[in-house]
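Structural overview
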Amino acid sequence: MTKSLPRMRRTPSQDRALHTVNTILDAAAQVIEQHGLIGLTTNKVAVKSGFSIGTLYQYFHNKEVLLSTLVKRGREIVLADLHAYLLQVEALDRPELLHPQDLFREFIRIQIGGLAKGGHFRRKVIRQCWRMENVEETAEAIREISDRIMICLQRIQHPLLRKPTPALMFTVSRAVTGVIRSASLENAALLDSRELEDELVQLVWGLLSKKSLL
């Protein structure tokens, strides 16, 4: 059975506490970027964040908890960005006028930005998050992405797209995430190219388009 990632000692509930946690996490990302994972220590993070080591230990009792929280935070950011975009799509007066490839491109950009290129965190940190991934928690995050996209497609009922069944969305989401994960772990130059984005758009279009049934 796969072990769960280490958890935070204390869960922030107030704005000040959330600010403290976010500042510490940003500092941890900077330390990893500058010194690598081997150079990550709670003392360095405390100095970089401007908080005392005692304050840091109120939330993170070791660097493993810091890392696991970075992983979780990165996934939460991607899901929040994706959800915000899909809400905009669902709110359109005539979402069927939006070409599906434009829809696909945007949610692919969100995933590449957050799960590979860095986004809120540094690219090196993202690669390290993939290296230390917990398979069950990664699968849960992918399911959330897949389910949210499926809900959007069900709501807009685009005439050019197939019905988004669970099997179809499983295939689409795992294919896209698998490519992004590999590109991140390999630090592929393609991450900064339009070419990879285009290929992923064509992949999703090929799977979801009604033309693929002909």
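Turning to the overall build of the protein chain, a few remarks are in order. When you go through the protein chain residue by residue, the secondary structure sums to 9 helices and 0 strands. Listing each helix as α and each strand as β along the protein chain from the N terminus yields α-α-α-α-α-α-α-α-α. Along the first, second and third principal axes, the C-alpha atoms of the protein chain reach 60 × 35 × 35 Å. Every one of the 214 residues in the protein chain was classed for burial, and the buried ones make up 44%. Taking contacts inside the protein chain between residues at least 6 apart in sequence as the whole, the part at least 24 apart equals 74%. Positive and negative side-chain charges of the protein chain, numbering 30 and 23 respectively, have mean locations separated by a distance of 4 Å.

Let us now look at the nonpolar core. Counting 37 residues, the largest nonpolar core has Leu103, Phe104, Phe107, Ile149, Leu153, Val204 and Leu208 as the members making the most contacts within it. Looking at this core, the elements with two or more residues in it are α4 (63-90), α5 (100-117), α6 (123-131), α7 (135-156), α8 (166-185) and α9 (194-208). With 8 residues, α5 is the largest single contributor of residues to this core. The contacts of leucine 208, once residues within four sequence positions are left out, are Phe104, Leu153, Leu160, Leu161, Arg162, Leu168, Met169 and Val172. If you look at the next biggest cluster of nonpolar residues, it comprises 22 residues, including Ala27, Ala28, Val45 and Cys129.

As a further point, take the packing of aromatic side chains. Applying the stated criterion to the full structure yields 3 aromatic pairs. Centre to centre, the rings of tyrosine 59 and phenylalanine 60 are 6.5 Å apart; their planes meet at 50 degrees, and the pair counts as tilted. Its relative accessible area of 4% is what places tyrosine 59 among the buried residues. Given the relative accessible area of 0%, phenylalanine 60 is considered buried. With a centroid separation of 6.5 Å and 50 degrees between ring planes, the pair formed by phenylalanine 104 and tryptophan 205 is classed as tilted. Remark: tryptophan 205 occurs in helix α9 and phenylalanine 104 occurs in helix α5; sequence separation between them is 101 residues. For tryptophan 205, a relative accessible area of 12% translates into the label buried.

The next subject is the pattern of salt bridges. In total, this model carries 10 salt bridges according to the counting rule given. Glutamate 90 is the partner of arginine 155 in a salt bridge, and the nearest nitrogen-oxygen pair spans 2.9 Å. Residue arginine 155 is found in helix α7, and its partner glutamate 90 is found in helix α4; the two are separated by 65 residues along the sequence. Assessed through its relative accessible area of 55%, arginine 155 is described here as exposed. Residue glutamate 197 pairs with arginine 109 through a salt bridge whose shortest N-O separation is 2.9 Å. Within this pair, whereas glutamate 197 is found in helix α9, its partner arginine 109 is found in helix α5, the two being separated by 88 residues in sequence. A relative accessible area of 37% places arginine 109 in the partly exposed class. Among the ionic contacts, a cluster of salt bridges with common partners joins Arg105, Arg109, Arg194, Glu197 and Asp198.

With that settled, consider the side chain of threonine 138. Along the polypeptide, threonine 138 turns up in helix α7. By relative accessible area, which is 7% here, threonine 138 ends up buried.

Procedures and definitions
Residues numbered from 1 in each chain as written. Predicted model: local features only at pLDDT ≥ 70, side-chain atom pairs only at ≥ 80, totals over all residues. Heavy atoms only, no water. Helix = DSSP H or I, 4+ residues; strand = E, 2+ residues; numbered from the N terminus. Buried < 20%, exposed > 50% of the residue type's maximum accessible area, 1.4 Å probe, protein only. Contact = heavy atoms within 4.5 Å. Lys, Arg positive; Asp, Glu negative; His and termini not counted. Charge placed at Lys NZ, Arg CZ, Asp CG, Glu CD. Core = buried A, V, L, I, M, F, W, Y, C linked by side-chain atoms within 4.5 Å. Phe/Tyr/Trp six-rings, centres within 6.5 Å; stacked < 30°, edge-to-face > 60°. Salt bridge = Lys/Arg side-chain N within 4 Å of Asp/Glu carboxyl O.

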